[in-house]
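Read off the chains here:
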Amino acid sequence: MRNVLLVPVGAVDAPLVEYLSLMVGEALGCATHIAAEALSPDRALDPRRRQYYSTEILAMLERAHPPHVGQVLGVAEVDLFIPILTFVFGEAQLGGRVALLSLARLRSSYYGEDEDPDLLYRRAEKEAIHELGHTLGLVHCDDYGCVMRFSSSVEEVDIKGDRFCPNCATRLETADRGYDR
């Protein structure tokens, strides 16, 4: 059976990580665990951008957690980027075992609105499942209802669904059959 380890990256709200652990386990039909210690993102800070380089954090997560722990999902509060984009909600190794998501731009307060914990939890759930979907070999999907739909804005995160469309679910099933061997 597949295992997913959720790792707080810096100071992250523990109840939110616990919620994600439950939702990821349900969506992927896997066992989930939460790391006892947080990973510091400080080495990945780009002072000019005042953002954190997500690819560096992925590498740090991979080095800190050996393959026998299974897949790893880092959950961060810090704002993430990759050099070719202004920001990313997350990043993952396609077909690998490490993924990362940022809560920073999923928070309503980032956009000057009142904080909405329910909305934050829904957004974080979608992006956690999305990034882990990439580690399972899924690419972006054209179906607006699919969690694998690419989101370039928080409004697009809100529009997409929180589960896999039938096509992506079939691809996951096929991957799972190969995983069990």
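For the structure itself, look to the data block above.
A brief look at the structure comes next. (Residues numbered from 1 in each chain as written. Predicted model: local features only at pLDDT ≥ 70, side-chain atom pairs only at ≥ 80, totals over all residues. Heavy atoms only, no water.)

Considerations on the packing of aromatic side chains
A complete count under the given rule lists 4 aromatic pairs for this structure. Between Y19 and Y121 the ring centres are 5.0 Å apart and the planes differ by 50°, which places this aromatic pair in the tilted class. A residue pair is termed long-range when its members are at least 10 positions apart, and Y19 in helix α1 (residues 14–28) and Y121 in helix α3 (residues 117–135) qualify at 102 residues. Residue Y19 is classed as partly exposed on the basis of its relative accessible area, which comes to 22%. (Phe/Tyr/Trp six-rings, centres within 6.5 Å; stacked < 30°, edge-to-face > 60°. Helix = DSSP H or I, 4+ residues; strand = E, 2+ residues; numbered from the N terminus. Buried < 20%, exposed > 50% of the residue type's maximum accessible area, 1.4 Å probe, protein only.)

Here's the deal with the pattern of salt bridges
Taken as a whole and judged by the stated rule, the model has 10 salt bridges. A salt bridge links R123 to D158; the shortest N-O distance between them is 2.7 Å. With R123 in helix α3 and D158 in helix α4 (residues 154–159), this pair connects stretches of sequence that are 35 residues apart. Taking relative accessible area as the criterion, R123 reaches 5% and is therefore assigned buried. Under the relative-accessibility criterion, D158 is labelled partly exposed at 31%. Overlapping salt bridges bring together E26, E125 and R163 as one network. (Salt bridge = Lys/Arg side-chain N within 4 Å of Asp/Glu carboxyl O.)

Description of α3
With 19 residues, α3 should cover 27 Å at 1.5 Å per step; its first-to-last C-alpha distance of 27 Å lies within 8% of that length. Summarising burial for α3: 15 of the 19 residues are buried, a large majority. Near the N-terminus of α3, the side chain that reaches the backbone nitrogen of D118, with its oxygen 3.3 Å away, is that of D116. Backbone geometry just downstream of α3 places G137 in the positive-phi region, at approximately 95°. (Expected span 1.5 Å × (residues − 1). Polar contact = N/O pair within 3.5 Å; in protein donor to acceptor, adjacent residues only side chain to side chain.)

Some points on the pairing of strand β1 (residues 3–9)
Strand residues, when the strand is regular, have side chains that alternate between the two faces of the sheet. In terms of residue burial, β1 counts as a mostly covered element, since 6 of its 7 residues are buried. Taking the sense of rotation as the criterion, the β-α-β connection linking β1, α1 and strand β2 (residues 31–34) turns out right-handed. Inspection of the sheet shows β1 paired to strand β5 (residues 71–76) by 6 bridges, in the parallel sense. Bridge pairing in β5 places P8 opposite V75. (Right-handed = clockwise from strand over helix to strand, strands pointing away. Pairing = 2+ DSSP bridges.)

Some thoughts on the layout of surface pockets
In this structure, the largest pocket encloses a volume near 380 Å³. Looking at the largest pocket, it is lined by 21 residues, and the ones nearest its centre are L85, V88, G90, H140 and F150. Where the lining of the largest pocket is concerned, the elements lending two or more residues are β7 (85–88), β8 (90–92) and α3. Classifying every residue of the lining of the largest pocket by side-chain character gives 8 nonpolar, 8 polar and 5 charged. (1 Å grid on protein atoms, 1.4 Å probe; cavity = no way out; pocket = protein on both sides within 12 Å on 5 of 7 lines; lining within 4 Å. Points joined across faces, edges and corners; volume = space filled by probe spheres on them. Nonpolar A, V, L, I, M, F, W, Y, C, P; charged D, E, K, R; others polar.)

Quick look at the sheet that holds strand β6 (residues 80–82)
Taken in spatial order, the 4 strands make up an open sheet running β3-β4-β6-β7, and their pairing is mixed. The sheet is open, and its two borders are formed by β3 (45–46) and β7, each paired with just one other strand. In terms of strand pairing, strand β4 (residues 51–53) meets β6 through 2 bridges, oriented parallel. What sits directly across from Y53, in β6, is F81. Sitting on the sheet, helix α2 (residues 54–64) touches β4, β6 and β7, and the angle it makes with β4 is about 55°. (Contact = heavy atoms within 4.5 Å. Axes fitted to C-alpha atoms, helices over the stretch in contact; angles between N-to-C directions.)

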